[in-house]
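Structural overview
Letter by letter, the chains look like this.
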Amino acid sequence: MAVELQKEQDRNYSRQRRITQIIDTIYFEIQLNIRKMIILGIVALGIFILSLFLGLWQLNNNSEAFPTVESYILNYLSFIRLFILILAVSYGSNMIVIDFQEQTGNIIFPKISKDRLFLGRFLSRIIQGGIIILFYYWLILIPIYFEFHLIPIDFWKSLGFALFYFVDLLAFCILFSAIAKRTSGAVIISLLIIIIAFPIINSIFSLTTDFEPLFLLDYYGNIISSILNMPEPRFSSIEIEGLTIYTWFTPSVRDALIGLSIYLLIMLGIAFIIYFFRQVEEQ
């Protein structure tokens, strides 16, 4: 009986230690990146001010420039996908590669297991990026409510998808952080694929098929703004000299939720597997 009690106490202590190490990692990472959070918060503020002045300029030239609250919100979401990409690259590209680049792996890994370190760092980056996205949406609440005296439910849906899309882009950048030899390499690869490779692939498919590009991660970012004015149908087709070109505007809410979830699980799973074997090889 005493032996069983001791085993149960050991298991409880082990669970508490795992949770404590993950929480400590989250706290340490947030402290380590506090300067980055401030800088990115200033960038968010700059984007808000730019959007505010653009909106005021349009209203001064045309009092009916924003006939609905949704159209006014869209003015502030013009740069949201680019900003989320900046956040994801800033927080994800160095998460894994930094230990090997700075040769700190042998110091860190024996003190905390790789799964706890991975989870703690990932959660800390979600928290940091999520705070900045929430800060930006909080900023745009002010002029929206001042101008229309209401906040539509789709505004909160847009916020939810902005956070979900950020987590997926973060996992995407972490994957290349696990592969690259240096942080700069992870940054360059992530940006090239999102900004150049995916749009080129999408263009090729639009010329050859009517298939919705649900396999492209950047396509899911369209729903952040489209949820405010969901187009119906969600694609357009133009026939030029016998060639039909299909342009998809946004995934549906259901497809976005499913697609982003699948992408997240796959990318995090692959990143962790690479991280596991890379740690063994470089120790």
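Residues numbered from 1 in each chain as written. Predicted model: local features only at pLDDT ≥ 70, side-chain atom pairs only at ≥ 80, totals over all residues. Heavy atoms only, no water.

Right, let's talk about a nonpolar patch on the surface for a bit. On the surface, a cluster of nonpolar side chains totalling about 880 Å² of accessible area is made up of Ile188, Leu192, Ile195, Ile196, Ile200, Ile201, Ile204, Phe205, Phe211 and Phe215. Structurally, the position occupied by Ile200 is in helix H9 (residues 183-208). (Patch = residues over 30% accessible without salt bridge, like charges linked within 9 Å, V, L, I, M, F, W, Y side chains within 5 Å. Areas by Shrake-Rupley, 256 points an atom, 1.4 Å probe, with all protein chains shown as cover. Salt bridge = Lys/Arg side-chain N within 4 Å of Asp/Glu carboxyl O. Helix = DSSP H or I, 4+ residues; strand = E, 2+ residues; numbered from the N terminus.)

Moving on: the nonpolar core. Counting residues in each nonpolar core, the largest one holds 70 residues, and the members touching the most others are Ile84, Tyr136, Tyr137, Ile140 and Leu217. Listing elements by their share of this core, those giving two or more residues are helix H2 (34-61), helix H3 (69-76), helix H4 (80-92), helix H7 (114-148), helix H8 (153-179), H9, helix H10 (223-226) and helix H11 (253-282). Take this core: its biggest share by element is 16 residues, from H8. If we ignore the near neighbours within four places in the chain, the residues touching Ile140 are Phe48, Tyr76, Leu77 and Phe155. (Core = buried A, V, L, I, M, F, W, Y, C linked by side-chain atoms within 4.5 Å. Buried < 20%, exposed > 50% of the residue type's maximum accessible area, 1.4 Å probe, protein only. Contact = heavy atoms within 4.5 Å.)

Here the structure, examined in full by the defined rule, presents 20 aromatic pairs. An angle of 45° between the planes, with centres 6.2 Å apart, marks the rings of Phe235 and Tyr246 as tilted. Residue Phe235 is located in strand S1 (residues 235-240), and its partner Tyr246 is located in strand S2 (residues 243-248); the two are separated by 11 residues in the primary sequence. Here a set of aromatic residues connected by ring pairs shows up, and it is made of Phe48, Phe66, Tyr72, Tyr76 and Phe148. (Phe/Tyr/Trp six-rings, centres within 6.5 Å; stacked < 30°, edge-to-face > 60°.)

This next bit is on unusual backbone geometry. Comment: phi is negative for the bulk of residues other than glycine, and the bulk of peptide bonds are trans. Of the consecutive residues Glu232 and Pro233, the connecting peptide bond is found in the cis state with omega at 5°. Relative to the helices and strands, Pro233 resides in the loop between H10 and S1. With a phi angle near 60°, His149 is a residue other than glycine that sits in the positive phi range.

Once that is clear, we can look at the pattern of salt bridges. All told, the structure shown has five salt bridges when counted by the stated rule. For Arg121, the salt bridge is made with Glu29, and the minimal N-O distance between the two is 3.4 Å. Of the two residues, Arg121 sits in helix H7 while Glu29 sits in helix H1 (residues 2-32), which places them 92 residues apart along the sequence. For Arg121, a relative accessible area of 7% gives the class buried. Its salt-bridge partner being Glu212, residue Arg234 comes within 2.9 Å of it at the nearest N-O pair. Of the two residues, Arg234 sits in the loop between H10 and S1 while Glu212 sits in the loop between H9 and H10, which places them 22 residues apart along the sequence. In terms of burial, Arg234 and Glu212 fall into one category: buried.

The next point concerns the side chain of Asn94. By the element assignment, Asn94 lies in the loop between H4 and helix H5 (97-101). Asn94 gets classed as buried once you look at its relative accessible area, which sits at 17%. The residues touching Asn94, leaving out its near neighbours within four places in the chain, are Lys36, Arg125, Ser177 and Thr183.

Turning to the pairing of S2, a few remarks are in order. Looking along a regular strand, one sees the side chains alternate between the two faces of the sheet. Examined bridge by bridge, S1 and S2 share six bridges and lie antiparallel to one another. The partner of Glu239 across the bridge, within S2, is Thr244. (Pairing = 2+ DSSP bridges.)

This next bit is on the environment of Tyr246. By relative accessible area, Tyr246 is classed as partly exposed at 23%. Separated by 34 residues in the primary sequence, Tyr246 and Glu212 place their C-alpha atoms 9.0 Å from one another. Tyr246 has contacts with Ser206, Thr209, Asp210, Phe235, Ser236 and Ser237, leaving out every residue within four places of it along the chain.

That's the geometry; what it means functionally is another story.
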